[in-house]
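Residue-level listing of the chains:
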Amino acid sequence: MPTRRALLGGAGATALAGAAGAGLGLGVRQGRAAAPDPDGPLRIAYLPITDAAPLLIAHARGLFEQAGVAVAEPVRLRSWASMGETLLAGGVDLVHLLFPMALQMRLDLGADIRVLGANHVDGSALTLGRDVPQTAALAGRTLAIPAWYSIHNVIVQQMLRAEGLTPVVRRTPSAARGEVTLVPMAPADMLPALDAGSIGGYTVADPFNAMGETKGVGTIGRFLGDVWHSHPCCVTVASGSLLRRPPEQLQAVADALVLAQQACREDRDAVAEELAGTYLPQPLPAIRAALTRQDAGHAHVVNPSWRGETIDFTPVLRPGFTTRLVEEMRGTLLDAPLGELARIDAAAAHDLVVDDAALRDAASRLDPGSLAGLDDPEEIAP
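What you see is a predicted model; the values in this text were computed from it and never measured. Residue numbers restart at each chain and count upward from 1, following the sequence in its written direction. Note on the predicted model: pLDDT of at least 70 is required for a residue's local features to be given, and 80 or more for side-chain atom pairs to be given and counted; whole-chain, interface and lining totals, by contrast, use all residues. With hydrogens and water stripped out, all remaining heavy atoms of the structure feed into the side-chain values.

Peer 1: Break down the overall build of the protein for me, with residues and values.
Peer 2: Along its length, the protein carries 15 helices and 11 strands. This radius of gyration counts C-alpha atoms alone. The globule rule is 2.2 Å times how many residues there are, raised to the power 0.38. Taken over C-alpha atoms, the radius of gyration comes to 19 Å for the protein, in line with the 21 Å a tight globule of 382 residues would show. Only protein chains enter the accessibility calculation, which uses a 1.4 Å probe; a residue is then buried when its area is under 20% of its type maximum, exposed when over 50%, and partly exposed in between. Residues counted as buried form 61% of the 382 residues belonging to the protein. Sequence-distant contacts, at least 24 apart, represent 79% of the contacts inside the protein between residues at least 6 apart. On the protein, roughly 13,500 Å² of surface is accessible, and the fraction owed to carbon and sulfur atoms is 50%. Charge centroids of the protein, computed over 31 positive and 42 negative side chains, lie 7 Å from each other. Per the convention used, a helix needs a DSSP run of H or I reaching at least four residues, while a strand needs a run of E reaching at least two, with both numbered from the N terminus. Note on definitions: a residue-residue contact is assigned when non-hydrogen atoms from the two residues lie within 4.5 Å. In this description, accessible areas are obtained by the Shrake-Rupley approach with a 1.4 Å probe, and a residue is regarded as covered only by the protein chains that are shown. Positive residues here are Lys and Arg, negative ones are Asp and Glu, while His and the chain termini are left out of the count. A charged residue contributes its charge at one atom only: NZ of Lys, CZ of Arg, CG of Asp or CD of Glu.

Peer 1: So what about the sheet that holds strand 2 (residues 75-76)? Which residues, and what values?
Peer 2: One key point about sheets: their strands pair by backbone hydrogen bonds, in either a parallel or an antiparallel sense. At least two bridges found by DSSP between two strands are what make those strands a pair. Overall, mixed pairing links the 5 strands, which are arranged 2-1-3-11-4 in an open sheet. Each having just a single partner strand, strand 2 and strand 4 (113-118) make up the two edges of the open sheet. The sheet contact formed by strand 4 and strand 11 (residues 234-239) spans 5 bridges and is antiparallel. Bridge pairing in strand 11 places Ile 113 opposite Ser 239. Helix 4 (residues 80-88) rests against strand 1 (44-46), strand 3 (94-98), strand 4 and strand 11 of the sheet, and its axis sits at about 135° to strand 3. All axes are obtained by fitting lines to C-alpha atoms, using only the stretch in contact for helices, and the reported angles, taken between N-to-C directions, cover 0 to 180 degrees.

Peer 1: Mind laying out the environment of Gly 110, listing which residues take part and the relevant values?
Peer 2: Structurally, the position occupied by Gly 110 is in the loop between helix 5 (99-107) and strand 4. Along the backbone, Gly 110 and Met 329 are 219 residues apart, and their C-alpha atoms lie at a distance of 19 Å.

Peer 1: Tell me about the packing of aromatic side chains, residues and numbers included.
Peer 2: By convention here, two paired aromatic rings are described through the distance between centres and the angle between planes. Any Phe, Tyr or Trp ring, taking Trp's six-membered ring, that has another such ring centre within 6.5 Å forms a pair; planes under 30 degrees apart are called stacked, those over 60 apart edge-to-face, and the others tilted. Counted under the stated rule, the structure contains 2 aromatic pairs. An angle of 20° between the planes, with centres 6.2 Å apart, marks the rings of Phe 99 and Phe 321 as stacked. Residue Phe 99 is located in helix 5, and its partner Phe 321 is located in helix 13 (residues 319-329); the two are separated by 222 residues in the primary sequence. Relative accessible area serves as the criterion here: at 0%, Phe 99 is assigned to the buried category. Among the aromatic residues, those joined into a cluster by ring pairs are Phe 99, Trp 228 and Phe 321.

Peer 1: If you had to explain the packing of helix 6 (residues 151-162) against helix 13 to someone new, which residues and values would you point to?
Peer 2: It is the contact of helix 6 with helix 13, at a shortest axis distance of 10 Å, that shows an interaxial angle of 65°. The interaxial crossing formed by helix 6 with helix 13 has left-handed handedness. Contacts between helix 6 and helix 13 involve Ile 151, Val 154 and Gln 158 from the former and Phe 321, Leu 325, Glu 328 and Met 329 from the latter. Of the residues contributing to the contact of helix 6 with helix 13, the split by class is 5 nonpolar, 1 polar and 1 charged. Note on convention: near helix rotated counterclockwise from far helix by under a right angle means a left-handed crossing. Clockwise means right-handed. All amino acids are sorted into three groups, where Ala, Val, Leu, Ile, Met, Phe, Trp, Tyr, Cys and Pro are nonpolar, Asp, Glu, Lys and Arg are charged, and the leftover types, Gly among them, are polar.

Peer 1: Provide a residue-level description of unusual backbone geometry, including the pertinent values.
Peer 2: The amide bond that connects Asp 206 to the next residue, Pro 207, takes the cis arrangement and shows omega of 10°. Note on placement: Pro 207 falls in the loop between strand 9 (201-205) and helix 8 (208-214). Its identity is not glycine, yet Ser 230 carries a phi of approximately 50°, on the positive side. Within the secondary structure, Ser 230 is located in the loop between strand 10 (218-223) and strand 11. With relative accessibility at 22%, the residue Ser 230 sits in the partly exposed group. One non-glycine residue with positive phi stands out, namely Arg 307, at about 50°. Its place among the elements puts Arg 307 in the loop between helix 12 (284-292) and helix 13. By relative accessible area, Arg 307 is classed as partly exposed at 38%.

Peer 1: Please set out the confidence of the model for the protein residue by residue, giving values where relevant.
Peer 2: The predictor reports its confidence for every residue as pLDDT, a score running from 0 up to 100. Per-residue confidence for the protein gives a mean pLDDT of 91; residues scoring 70 or more make up 90%. Contacts of residues 1-34 to residues separated by more than four positions or lying in other chains number 85 contacts, the stretch itself having pLDDT below 50.

Peer 1: Residues and numbers for the nonpolar core, please.
Peer 2: If you look at soluble globular proteins, the nonpolar side chains tend to sit buried side by side. In this description, a nonpolar core means a group of buried Ala, Val, Leu, Ile, Met, Phe, Trp, Tyr and Cys residues linked to one another through side-chain atoms lying within 4.5 Å. The biggest cluster of nonpolar side chains holds 79 residues, and the ones touching the most others in it are Trp 80, Leu 97, Phe 99, Val 115, Tyr 202, Val 237 and Leu 325. Excluding anything up to four places from it in sequence, Tyr 202 contacts Ala 125, Leu 126, Thr 127, Leu 143, Ala 144, Met 190, Leu 191, Leu 194, Phe 208, Asn 209 and Gly 212. Residues Phe 64, Leu 250, Ala 276 and Ala 358 belong to the second largest nonpolar core, which totals 41 residues.

Peer 1: For the layout of surface pockets, give the residues involved together with the corresponding values.
Peer 2: A cavity here means a set of 1 Å grid points, computed over protein atoms only, where a 1.4 Å probe fits but cannot escape. A pocket is an open set with protein on both sides within 12 Å along at least 5 of 7 lines, and lining residues have an atom within 4 Å of a point. Grid points are joined across faces, edges and corners, and a volume is the space filled by probe spheres set on the points. The computed volume of the largest pocket comes to approximately 470 Å³. Lining the largest pocket we find 24 residues, and of these Val 121, Ser 230, Thr 314, Arg 318 and Ala 372 sit closest to its centre. Looking at the lining of the largest pocket residue by residue, the classes come out as 9 nonpolar, 7 polar and 8 charged. Lining the second largest pocket we find 16 residues, and of these Leu 128, Gln 134, Thr 135, Gly 221 and His 300 sit closest to its centre. Mapped by element, the contributors of at least two residues to the lining of the second largest pocket are helix 6 and strand 10. Sort the elements by how many residues they give to the lining of the second largest pocket and strand 10 lands first, with 4 residues. Taken together, the residues of the lining of the second largest pocket sort by class into 8 nonpolar, 6 polar and 2 charged.

Peer 1: Which residues make up the environment of Arg 293, and what are the values?
Peer 2: Within the secondary structure, Arg 293 sits in the loop between helix 12 and helix 13. In this structure Arg 293 comes out as buried when scored by relative accessible area, which is 13%. Sequence separation between Arg 293 and Ala 210 is 83 residues; the distance between their C-alpha atoms is 9.7 Å. From its side chain, Arg 293 meets the backbone oxygen of Glu 309 in a polar contact 3.4 Å long. Contacts described as polar in this section are N or O atom pairs within 3.5 Å, which, within protein, must combine one atom able to donate a hydrogen with one able to accept it, while residues neighboring in sequence count only if both atoms come from side chains.

Okay, here's the thing in structure tokens:
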């Protein structure tokens, strides 16, 4: 059984990992699950990235209240480690979370959570430092990832191996051997580290990639959606406390989320303005660039028809994606035990972790087009 410290941030990572897991001092035991409070306001936590847009727009536009659910002011957290800790402690009801982290928390830690469905697809990139002209030039350098259990870690390792590079952990990388050291890092720490030259690049969600370019700190080397077609990144996760509320409340939450995702797809400029300043600390130009990007710019593109540079929002996870993700994680370097994901039938993982009945119902009524393509095969081309 992995410790929470190893799971959530990177036990044994170098000091460069910063707040991504250092100093948490956690064990594997969970506290008693919070009793459901059907009369209490919905508690939301988020990281300041565009992945959080559906939760934040549902709050900003009063969609939760319109559906009949009171909601508290969303709480901004700094790292995926703190998000996982807050969720495990029963401090929140609804979050966006890295899907691999949700899988590991549910299957290995027995967390009292379920994935309600997808949050968004694509929307992440590999950003390279000023002195790193292309991915191959990362040899001998350090690369920051948001967490070991992240789609970013899976895809960036596919990219590195396609360039003949070897991901390593806990050691100084050898340029001669084509090694790249991976470290988990809170997204907020990535841009300063790149600017200081402590790392050669980072892979993360926007608007941190757009920020790197607008500040002249780095350039986008490749969008992750150009490697894995239309891949979900963050998922919407509910606490057991929320799941034990009356069914009509969970359905109301799902209705609000589907409407918010539709707004994020169709009203991008307005959404960027609503997020800037109030919910996200990044400047409006970077947020707008992340949400309204029309092309890949100078980034390397292998699959232009995939439009991997464009973040999109969708409510329901493809079951086939869950299966393929578990399979790919088994070939991904981790500085923590893979645990139950190494043993279970990959095809069984989806039903063990995902409970998307409410979101499927909401989508069928409010946004039926979003249900298209759920049985499409996964396409990966690093």
